[in-house]
Amino acid sequence: MLKKVSPLFLALVLLTATLPQTARARQDKTNPATKPAPQEPEKKKKKGIFGKVKDKAEKVGKVAANVATGKSSIDPVALTLGTLFNDQLPLKLDAGSVYKEVPAPNNFNPIFIRPTSKSLNTPLPPGDYSFPVHAICTKDSVHVPGRGVGYKLAPLQGKQADALAALIARGDIAQVPHRTLQMIAWEIQASIPYGEMPKAHQAVIDRLIPEYKIGISGGFLQKVIDRYQTFAAKNSKILPLDKMLEQAGVGDTLRSLNRSRNIIREEAFDYERSQMRLYDPALGERVTPADPSAPSAWTELQPGVYAQIIIEAGWQGLNRLNVRVSKDAGKSVAEGGTRATLFLKAAYTPAQLQLEYPTIAAIFRLMPRVAMGVGVAAEIPYVVAGGLIAYSVATATQALIITLSVKDEEFETVYRVFGGQAQLKGESWTPINPMTVPNYRNAAGLPRRNAGTSLAEGRVRSSDIIQIKTADALDGNAGGLLEYKINPANVKIIKVTPLRPPL
Amino acid sequence: MTEKQLYLSSSEYDALARPRRIIEVDWVVLDGRPCLSVIVDVPIPVREAGFPDDTTALYLTNRHVEDRATFRNLSSFPIDVYVLIPKSTAETEVTSLGQLENMYWATLYDDLKDAENHQSAPAR
C-alpha cells in the first residue's frame, strides 16, 4: 500500500508526524483563514513555530523578517501555500459561516414529514415541518454529541463537500449501512485517495458518487507539495514545507489530517477499530447538555425558510430538522420562479399558482438528476448541490454533516417497552431500538405503572403510522425519544423479549 | 381556567380505560411548566403502587414537545398527557414537579364519545 504513495508525500507525513506537540503554532490573528472553530477543544498556547521563525529571520530573507518583526502579516509564499491548502481541503470547518440566527418561532407545531425519493419535489406551503436527518461526524478527537446538544446550521464547504453530502444522501436512499458511509466519509476527509481505499469502499463510490471519483482520486496534499517545489526551485533558502504551513496557520489541520489518515491505514480501514482510535478516549465520551430545554438555535436557511437541528440519536441514528416555511419564502412564478411548475399544477388550483414555495429537495439542497445532467446511476434520483453542516453552540462537540433521511421502505421496524399495567397492545411505539438508548425510561418518559419488563419488536406499514411525536422532558427526565402513534392492530409482532433487569 | 368540559382516558392503561370526567380544573405552573391541576369524578387506582388510597386529584401536563402550545391553550383535542400525583399524601401544596410521580400516560379529550373510543388525533 505504501508503495503507491509518493516519496514527497511520505516525507511530509514524517515531517509533520515528528513535529513536537509544543510546536503548535499560535495562529496569526491577521490571517482570516485560520480562525479556530469553536468546537475545537481549548489548546494550550505555546510560543510555537512563529517564535522560532523570528529567531531565524535573518536567514530567510527580508519577507520572513518582516513577518517576524510584525511589519508584514505573513510570508507571501506561506500565504499562497496556506490558501492552496485551504482551497483543496476536502471539508472546510468554519464555524463563522453559520446562517443568520433568528428568534425561535412562536407556537411551532410541526407536521412530521417522512420523505421518500418520490416526495422530494413536494412544495412546502407556509407551515411548520420536521424531517428525519442523519448526522455524520466530521472530526476526530472531539466530543461526540449526545441528545439535546445545541447546534447551528451552516452551508457545507470544502473541495469534497458535495461528494460527502451526495455520498450520505444517496447511501441512505440505497440503504448502504451507516457505518460504511461514515467510514468512507472519514477516508475522504482524511484525503485518502480512491485508489488506496478497500475494494468494497471503491464499489460504493462507483455506485453512489461516480461523478466525484476523479476528484477524490488524488491526495490534495500532493498539489500543495508540487506548488512548494515550484517555489523551492527558485529560492534555496525557503523554509521547509511543514514550517511554511505552520506559518500559514494550517499546521493543526495538517496534523489532524495526518493523524486520521495514519489511524485509518493502521486499522486497515476497519470502522470499529478506526473509530475507537479516531476518538481520543479523553474526549470521545458523549456530551449531554446541562440544560436540555435550551436546544439548538434557529437560523435562516434561505429567505423565509427557518430551521433548527435537534440532536436525538447523534451520529448513531436519526435526528430531526425542524423547519418553518413562512409566506416570505414564496416566489412569484410570473416573476421568474426557477422551478418547473408541473408538480405545482398537479397539487394546486390555478388561483394558488401565484406563489412558488420551496420543495423538500430545495431546502436540503438536493436537485433532480435530470436537471444536473450528470452520469449518476439510474437508481439514484437526486444529486446534491451543497449540503448542510452543523456547528456546536457552546460545547466542544463535533461538527456534523446533516443529510435528509429518505426512506422508500414500505414497512418499518418499531419497538414497545411494556409490563405491569402497560400492555403489549398499545398505541405508543418507537422506531429506535430501546436497547441502544441509555436510560430509556428517562428518554421515553415512561410512567411508573409501566414496569418495563418486556420489549416487543414489530413491523408496521409506513402508511399506518398515525402520528410521529417527541417525548417532552419531565422533572429530570430528558425526553426526546421519537414516538409513533399506531393502531396496535396494524403492528405485526415479530418477537417479545423479557428484560432482565427491567428498563 | 377553562370552560370546556374535559375528559381523561387511556388506551394504554386499563386502569384509565374508562373515561373520567374532569369536574374541577385549574392551571398551575411547576418549575416553569404549565400543568393542569384537576379533580376527576372517579378515583384512579394507585394503591397497587403503594399509595394509601386511590385518588381523584391529579396533575396533567403535555407528553409531547409538539403539543406544548396546544396544551397551554387547550386549543385542539385530543392531547396526550402525563398523569401525575403527589408522591406524598403529606404534601399540602405542590410547588414543583419533583413532588409529583409520573403514574400513567393518558389522553385529554373535550368529547365524551372520543374519550370512550380512545380516539387518536387525526393523521397529520
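Bear in mind that the values here come from a model prediction, so they are computed numbers and not experimental data.

About the thresholds
Residues numbered from 1 in each chain as written. Chains lettered and ligands numbered in written order. Predicted model: local features only at pLDDT ≥ 70, side-chain atom pairs only at ≥ 80, totals over all residues. Heavy atoms only, no water. Helix = DSSP H or I, 4+ residues; strand = E, 2+ residues; numbered from the N terminus. Buried < 20%, exposed > 50% of the residue type's maximum accessible area, 1.4 Å probe, protein only. Contact = heavy atoms within 4.5 Å. Areas by Shrake-Rupley, 256 points an atom, 1.4 Å probe, with all protein chains shown as cover. Buried area = accessible area lost by both parts, 1.4 Å probe. Salt bridge = Lys/Arg side-chain N within 4 Å of Asp/Glu carboxyl O. Polar contact = N/O pair within 3.5 Å; in protein donor to acceptor, adjacent residues only side chain to side chain. Nonpolar A, V, L, I, M, F, W, Y, C, P; charged D, E, K, R; others polar. Axes fitted to C-alpha atoms, helices over the stretch in contact; angles between N-to-C directions. Parallel < 35°, antiparallel > 145°, perpendicular 65-115°, else oblique. pLDDT = per-residue confidence, 0-100. Pairing = 2+ DSSP bridges. Phe/Tyr/Trp six-rings, centres within 6.5 Å; stacked < 30°, edge-to-face > 60°. Lys NZ or Arg CZ within 6 Å of the ring centre and 35° of its normal.

Trainee: So, the overall build of chain B: which residues are in play, and what are the values?
Mentor: When helices and strands are counted, chain B shows 2 helices and 6 strands. Secondary structure elements of chain B, listed N to C terminal, follow the sequence β-β-β-β-α-β-β-α. Relative to its 124 residues, chain B shows a buried fraction of 52%. Partitioning the intrachain contacts of chain B with sequence separation of at least 6 by distance along the chain shows that 50% fall at a separation of at least 24. When the accessible surface of chain B is totalled, it reaches about 5700 Å², and 45% of it is carbon and sulfur.

Trainee: Give me the interface of chain A and chain B: which residues, what numbers.
Mentor: With 32 residues of chain A at the contact, the number on the chain B side is 38 residues. Buried surface at the junction of chain A and chain B, summed over both partners, amounts to about 3100 Å²; 42% is from carbon and sulfur atoms. Ranking the residues of chain A by area buried against chain B places Arg448, Arg449 and Asp472 of chain A at the top, with a combined share of 23%. Put simply, chain A and chain B have 7 salt bridges between them. Put simply, Arg416 of chain A and Glu12 of chain B hold a salt bridge, and the shortest N to O gap is 2.8 Å. One can count 20 residue pairs in polar contact (both at pLDDT 80 or more) joining chain A with chain B. When contributions to the side of chain A that touches chain B are tallied by element, the ones reaching two or more residues are strand S2 (111-112), strand S19 (465-470) and strand S20 (482-486) of chain A. Classifying every residue of the side of chain A that touches chain B gives 11 nonpolar, 10 polar and 11 charged.

Trainee: Give me the lowdown on the packing of helix H5 (residues 161-173) of chain A against helix H6 (residues 178-189) of chain A, citing residues and values where you can.
Mentor: All names here are of chain A. Running from N to C, H5 and H6 point in directions that differ by 170 degrees, and their axes come no closer than 10 Å. In this view, H5 runs roughly antiparallel relative to H6, as classed from their interaxial angle. Where H5 abuts H6, its residues Leu164, Leu167, Ile168, Gly171 and Asp172 lie against Leu181, Ile184, Ala185, Ile188 and Gln189. Each residue belonging to the contact of H5 with H6 can be placed in one class, and the counts come to 7 nonpolar, 2 polar and 1 charged.

Trainee: Let's hear about the confidence of the model for chain A: which residues, and what values?
Mentor: All names here are of chain A. Looking at chain A, pLDDT values average 72 and 69% of them are 70 or higher. Helix H2 (residues 48-55) is the least confidently modelled element of chain A, averaging 31 in pLDDT, while strand S21 (residues 491-498) averages 95, the highest of any element. Confidence drops under pLDDT 50 across residues 1-65; counting only partners more than four residues distant or on other chains, this segment forms 96 contacts. Throughout residues 334-354 the model reports pLDDT below 50, and contacts reaching past four residues in sequence, or to other chains, amount to 24 contacts.

Trainee: Report on the pairing of strand S18 (residues 450-461) of chain A, specifying residues and quantitative values.
Mentor: Residue and element names in this part refer to chain A. As paired strands, strand S16 (residues 411-420) and S18 are joined by 9 bridges and run antiparallel to one another. Bridged to Val417 within S18 is Leu455. Here S18 runs beside S21; their pairing, made up of 7 bridges, is antiparallel. Opposite Ala456, over in S21, you have Val496 as the bridge partner.

Trainee: Describe the pattern of salt bridges, listing the residues and the values that go with them.
Mentor: Taken as a whole and judged by the stated rule, the model has 17 salt bridges over all chains. Arg265 of chain A is the partner of Glu196 of chain A in a salt bridge, and the nearest nitrogen-oxygen pair spans 2.5 Å. Taken together, the residues span a long stretch of sequence, with Glu196 of chain A in the loop between H6 and helix H7 (199-208) and Arg265 of chain A in helix H10 (residues 251-266) at a distance of 69 residues. Accessibility expressed as a relative area gives 5% for Glu196 of chain A, which makes it buried. The partner of Arg449 of chain A in a salt bridge is Glu48 of chain B, and the shortest N-O contact between them spans 3.3 Å.

Trainee: Tell me about the packing of aromatic side chains, residues and numbers included.
Mentor: Applying the stated criterion across every chain yields a total of 6 aromatic pairs over all chains. When the ring of Trp27 of chain B is compared with that of Phe71 of chain B, the centres are 5.3 Å apart and the planes differ by 80 degrees; the resulting orientation is edge-to-face. Residue Trp27 of chain B is located in strand S2 (residues 20-30), and its partner Phe71 of chain B is located in helix H1 (residues 68-73); the two are separated by 44 residues in the primary sequence. Phe71 of chain B gets classed as buried once you look at its relative accessible area, which sits at 1%. In this structure an aromatic cluster arises from ring pairing among Tyr129, Phe131 and Phe364 of chain A. It is Arg63 of chain B that lies over the ring of Trp105 of chain B; its NZ or CZ is 3.7 Å from the centre.

Trainee: Describe in detail the sheet that holds strand S5 (residues 79-86) of chain B, supporting the description with residues and values.
Mentor: Residue and element names in this part refer to chain B. What the 6 strands build is a closed barrel, ordered S1-S2-S3-S4-S5-S6; its pairing is antiparallel. Strand-to-strand twist across the sheet, computed as the mean angle between neighbouring axes with direction ignored, equals 50 degrees. Note: S2 against strand S3 (residues 33-44), 8 bridges, orientation antiparallel. When the sheet's bridge partners are listed, Trp27 is paired in S3 with Leu36.

Trainee: Residue-level account of the pairing of strand S4 (residues 55-62) of chain B, with values.
Mentor: Residue and element names in this part refer to chain B. Counting buried residues along S4, 6 of its 8 residues qualify, which places the element largely inside the surrounding structure. Summarising the sheet, S3 and S4 pair through 5 bridges and their orientation is antiparallel. Its bridge partner being in S4, Leu36 is matched across the sheet by Leu60. Taken together, the 4 bridges between S4 and S5 define a ladder with antiparallel strand orientation. Note on S5: the bridge partner recorded for Tyr59 is Leu84.

Trainee: Residue-level account of the sheet that holds strand S17 (residues 428-429) of chain A, with values.
Mentor: The strands that make up a sheet are held in pairs by hydrogen bonds between backbone atoms, and each pair lies either parallel or antiparallel. Residues and elements named next belong to chain A. Strand order in the open sheet made by the 3 strands is S17-S20-S19, with antiparallel pairing throughout. Edge positions in the sheet fall to S17 and S19, since each has one partner strand and no second. The sheet contact formed by S19 and S20 spans 5 bridges and is antiparallel. In the sheet register, Thr470 faces S20, and the bridge partner there is Leu482.

Trainee: Summarise the environment of Val81 of chain B; cite the residues concerned and give the values.
Mentor: Residues and elements named next belong to chain B. Looking at where Val81 falls in the secondary structure, it is placed in strand S5. Assessed through its relative accessible area of 0%, Val81 is described here as buried. Those residues in contact with Val81 that sit more than four places away from it in its chain are Leu8, Leu60, Thr61, Asn62, Arg63, Phe71, Tyr104, Trp105, Ala106, Thr107 and Leu108.

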